[in-house]
Amino acid sequence: MSMLKRNEVPVEETWNLNDLFSSEEAYLEAIEEVKQLVEISAKQLPGTITDAKGAIAAIEATEKIQLKLVPIGTYASLSHSVDQTNTENQMRSAQFGSLAASIATKLSFVKSDLLALDEAILKEAQLLNPSYENYINKLLIQKPHQLHPEAEKALAAFGATFNAPYELYNTTKLVDMNFPNFEVDGEQFPLSYNLFEGDWELETDTKKRRAAFDAFSSKLREYQHTTAKTYNTHLKIEKTDADLRGYETIYDALLESQEVDRSMYDRQIDLIMNELAPHMRRYAKLLQKTHELDKMTFADLKISLDPSYEPTITVEESRQYMKDGLSIMGEDYIKMIDRSFDERWIDFAQNAGKSTGAFCSSPYGVHPYVLISWTSRMNEVFVLAHELGHAGHFYLANDAQNIYNARPSLYFIEAPSTMNEMLMANYLLQNSTDARFKRWVISSIISRTYYHNFVTHLLEAAYQRKVYDIIDVGGNVNAPKLNELKREVLEQFWGDTVEITEGAELTWMRQPHYYMGLYPYTYSAGLTISTQVSQRILNGDESAVGEWIEVLKAGGTKTPVELSKMAGVDITTEQPLRDTIAFIGNLVTQLEQLTEELQTV
C-alpha cells in the first residue's frame, strides 16, 4: 500500500481553489494587474507623503495592492501545500516569493516615508481616517527601529531569500525525505509523515507503534545535519535583523508584534513546565497501566486510553457533529460551517507530498480554507473543530474589519480554535450517559486538546527558548546541540515516568513552527483563554457567547490583554493559567476514577 498521488484523489475530498481564481490564466492576469498597480504607486507616491493627507493617500494605495496580492499569494501557497512534489506548484510558489519581494522593494519607501513623519502628523492622519488608526499605531511602535530608507529597500529585496530556510525545510521534509516500509513479524507496513502522525503514533499494537517510531526516527536522523543547518540560518537571519534594528534582545524583536511583554511569554512556559508536569505524569502512568506496557516510552504517549474503543467517523458525519457541538455559537456561525462543507473550503485528502498536520488559511476578501488529512478516527472531530475555530474567527473578523485590522496578535490566534475544541468536548459529554464514551471524550480532551496545545507545543516553546538564548548571545546551533536541548526539555517534563526513547530528541525536526517566530507557546496561551471562557459558557453565563462573538469580530483592533478582558479573562495575572492547569489535573483525576469504575464492572 502506498500513498495516492494528488491526481488520484477524488475531487470531493479536495478544496475548491476556483473561489480564488477560476483558472491559471485568471491567476496570471491578477499578477499583471497587481504589477500595474505597483508601478502606478511607485511613480505617483514618492514625494507626496509629507502631510496627513498624503499619508492617508499612500495607505489607501498600498491597501488596494494588498487586497489584490492576498488571493494571489494564497493560491500559490495552497496549491503548493497539497502537493509539494509537483514541479508546477514548486515554481508557482517560488515565483510568488520573488513577486512579493519585488513589490516590497519598490514600495519600501512608503513605510519609510510614513515613519519619517512627525508623530503629530501621523496622529492627524488617524483623525482624517479612523479606520487606519490601528495600522498607524502599529507603525508608531516600529518607528524607533526603522532603518535608513535605502537599508529598508535593500532588506526588502532579500525578502524571498530570507524565506529560503523555511522553503528548504519543507522541501527536505516533504519532497526529499522518502520513508521506506517498516517490518513487523515479517509483514511490511507503509510509512510517511502523514501516516506516522495520523495513524502510527496512535496505533494500539505496541510492537507496530514502536517499530514505526524507530523507522520514522531513523529516516529523520539521516537528514538531521541538513535540517539543523537550515534552521541555524533562519535563526541568524532573525538575530541579524533584531540587531540591525536596535532591539535589546531577539525576544524583544519577536514579541513586539505580539503586543505582549517578556514576562507573559516566560510565565506561560515556566508555570506549565513546573506545574502541569505532575498531572501529565499521572496520565502517562494511567496509559501504561491500562495498556499493560512493560514500560512507558516516548513512542507510547499518543495512544488512546481505551485501545479497544476507538469510534470512527465519516466526513459527512463530522459535519453534523460540528453543527450540533458548535450550535451555541449561533445561526450565522452554523451557516458558515455548512458553507465550508458545501462549497469545499476543506481539503480532506491523504496524498503524497501534502503538508503534515492541519491548518486554516484565511485570505481577506474570499473565505477561509482548511487543510486536514482525514483518517476517519473520531478524534478528527476535535482537529476539524479546531481549524473551523480559526475559520469562524476570520470569517467574522474579515467581514467586520479592514485588511489592516482583521488579524489579531499571534498570542491570541489560538484562542478561537481551542475554544471550539472545548465546546465540542462539552457537547459530547452532555449528550452521553455511557461511562466508556465519557472516558473516551475526556481522554480525547487530554490527549488531543491539552496534550497537543499544552504539552507538545509547550515543550517546543521551552526548547525554542533554550535555542534563542544561545543565538541571542551570538552563538550557533547544530544537530548534536539541538538534540541535546530537546532531550533536556523532554527529560525535565517527564522525569522518570517516561523513557525518552532514542529518536525522541529528533522531534525538533518535525514542526514548521520554529520558522514562525515565537509561535509554539501561543497555543497554550490561547487555550488558557478559551478554557476560561468555555467554563463561563458551561456554567450558564448567558452573556459569555455574545461577548465571545464580539471578541472574534474585533480582529486585531485590540491587544491580547484587551481582547481577553472583553471575554471576561484577565491574562495580566497568572490566575487563568493556574486555573487551567488545575482544570487539566481534575480531568486526569476523572479519567483515573472512570477507569477504575469500568474495570470493576
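Heads up: the structure comes first, above all this text.
Our subject in this report is the structure included herewith. (Residues numbered from 1 in each chain as written. Predicted model: local features only at pLDDT ≥ 70, side-chain atom pairs only at ≥ 80, totals over all residues. Heavy atoms only, no water.)

Turning next to the overall build of the protein. From N to C terminus, the protein includes 24 helices and five strands. A compact globule built from 601 residues should have a C-alpha radius of gyration of about 25 Å, and the protein, at 24 Å, falls within 12% of that. In terms of overall dimensions, the protein has a C-alpha envelope of 80 × 55 × 50 Å along the principal axes. Scored against the burial criterion, the 601 residues of the protein give a buried share of 58%. Intrachain contacts of the protein at a sequence separation of at least 6 include 77% that bridge at least 24 residues. Working note: accessible area of the protein is about 24,500 Å², and carbon and sulfur atoms make up 49% of it. (Helix = DSSP H or I, 4+ residues; strand = E, 2+ residues; numbered from the N terminus. Rg over C-alpha atoms; globule rule 2.2 N^0.38 Å. Buried < 20%, exposed > 50% of the residue type's maximum accessible area, 1.4 Å probe, protein only. Contact = heavy atoms within 4.5 Å. Areas by Shrake-Rupley, 256 points an atom, 1.4 Å probe, with all protein chains shown as cover.)

Their axes nearest at 10 Å, the elements helix α19 (residues 435–472) and helix α20 (residues 479–494) cross at an angle of 135°. The angle between α19 and α20 falls in the class oblique. Remark: the crossing between α19 and α20 carries right-handed chirality. Contacts between α19 and α20 involve Tyr 451, Val 455, Leu 459, Glu 460, Ala 462, Tyr 463, Lys 466, Val 467 and Ile 470 from the first element and Lys 481, Leu 482, Leu 485, Lys 486, Glu 488, Val 489, Leu 490, Phe 493 and Trp 494 from the second. Of the residues contributing to the contact of α19 with α20, the split by class is 13 nonpolar, no polar and five charged. (Axes fitted to C-alpha atoms, helices over the stretch in contact; angles between N-to-C directions. Parallel < 35°, antiparallel > 145°, perpendicular 65-115°, else oblique. Left-handed = near helix turned anticlockwise from the far one by under 90°. Nonpolar A, V, L, I, M, F, W, Y, C, P; charged D, E, K, R; others polar.)

All right, on to the packing of helix α17 (residues 380–400) against helix α22 (residues 544–554) then. A pair of packed helices is characterised by two quantities: the angle between their axes and the separation of those axes. Where α17 meets α22, the axes come as close as 7 Å, and the angle between the chain directions of the two elements is 65°. Facing His 393, Leu 396, Ala 397 and Ala 400 of α17, the residues of α22 in contact are Ile 549, Leu 552 and Lys 553. For the contact of α17 with α22, the class distribution of residues is five nonpolar, one polar and one charged.

We now examine the nonpolar core. Nonpolar side chains in soluble globular proteins tend to be buried together. Within the largest apolar cluster, 141 residues are counted, with the highest numbers of intra-cluster contacts made by Met 280, Leu 384, Trp 494 and Trp 548. No other element matches α19, which puts 19 residues into this core. Aside from chain neighbours lying at most four places away, what touches Met 280 is Ile 446, Tyr 451, Val 455, Phe 493, Trp 494 and Ile 584. Leu 69, Ala 76, Leu 78 and Ala 125 belong to the second largest nonpolar core, which has 47 residues in total. (Core = buried A, V, L, I, M, F, W, Y, C linked by side-chain atoms within 4.5 Å.)

A separate point is the packing of aromatic side chains. All chains considered together, the criterion is met by 37 aromatic pairs. Consider the rings of Tyr 132 and Tyr 404, whose centres lie 6.2 Å apart with planes at 70°: the pair is edge-to-face. Linking Tyr 132 in the loop between α4 (119–128) and α5 (133–142) with Tyr 404 in the loop between α17 and α18 (415–430), this pair joins segments that are 272 residues apart in sequence. Residue Tyr 132 shares its accessibility class with Tyr 404, and that shared class is buried. (Phe/Tyr/Trp six-rings, centres within 6.5 Å; stacked < 30°, edge-to-face > 60°.)

A word on unusual backbone geometry. The phi angle at Asp 185 is positive, at roughly 50°, despite the residue not being glycine. Looking at the element boundaries, Asp 185 is found in the loop between β1 (182–184) and β2 (187–189). Positive phi outside glycine occurs at Glu 292, with the angle close to 55°. Looking at where Glu 292 falls in the secondary structure, it is placed in the loop between α14 (277–291) and α15 (315–325).

Right, let's get into the pattern of salt bridges. A complete count under the given rule lists 43 salt bridges for this structure. The closest approach of N and O atoms between Arg 510 and Glu 201, which form a salt bridge, is 3.2 Å. Taken as a pair, Arg 510 in the loop between α20 and α21 (521–538) and Glu 201 in the loop between α9 (193–198) and α10 (206–222) lie far apart in primary sequence, 309 residues in all. A salt bridge links Glu 275 to Arg 578; the nearest nitrogen and oxygen atoms lie 2.7 Å apart. On the criterion of sequence distance, the pair formed by Glu 275 in helix α13 (residues 262–275) and Arg 578 in helix α24 (residues 575–600) is long-range, its members being 303 residues apart. You can call Glu 275 partly exposed: its relative accessible area is 30%. Taking the relative accessible area as the measure of exposure, Arg 578 reaches 30% and is therefore partly exposed. In this structure, a network of salt bridges that share partners links the residues Glu 316, Arg 319, Lys 323, Asp 338 and Asp 342. (Salt bridge = Lys/Arg side-chain N within 4 Å of Asp/Glu carboxyl O.)

For the rest of this paragraph, the subject is α24. Between its first and last C-alpha, α24 extends 38 Å over 26 residues, near the 38 Å set by a 1.5 Å rise per residue. All of the buried residues along α24 are Pro 576, Leu 577, Thr 580, Ile 581, Phe 583, Ile 584, Gly 585, Leu 587, Val 588, Leu 591, Leu 594 and Thr 595. Buried residues in α24 make contact with α13, α14, α18, α19 and α21. (Expected span 1.5 Å × (residues − 1).)

Attention now goes to the sheet that holds strand β4 (residues 359–361). Across the sheet, three strands lie side by side as β3-β5-β4; this open sheet has mixed pairing. Looking at the sheet topology across the chains shown, the edges are occupied by β3 (346–347) and β4. One ladder, built from two bridges, connects β3 with strand β5 (residues 369–371); its direction is parallel. Across the sheet, the residue bridging to Ile 346 is Val 370, located in β5. Where α17 meets the sheet, it contacts β3, β4 and β5, and its direction lies at approximately 20° from that of β4. (Pairing = 2+ DSSP bridges.)

Honestly, it's all geometry; don't read function into it.
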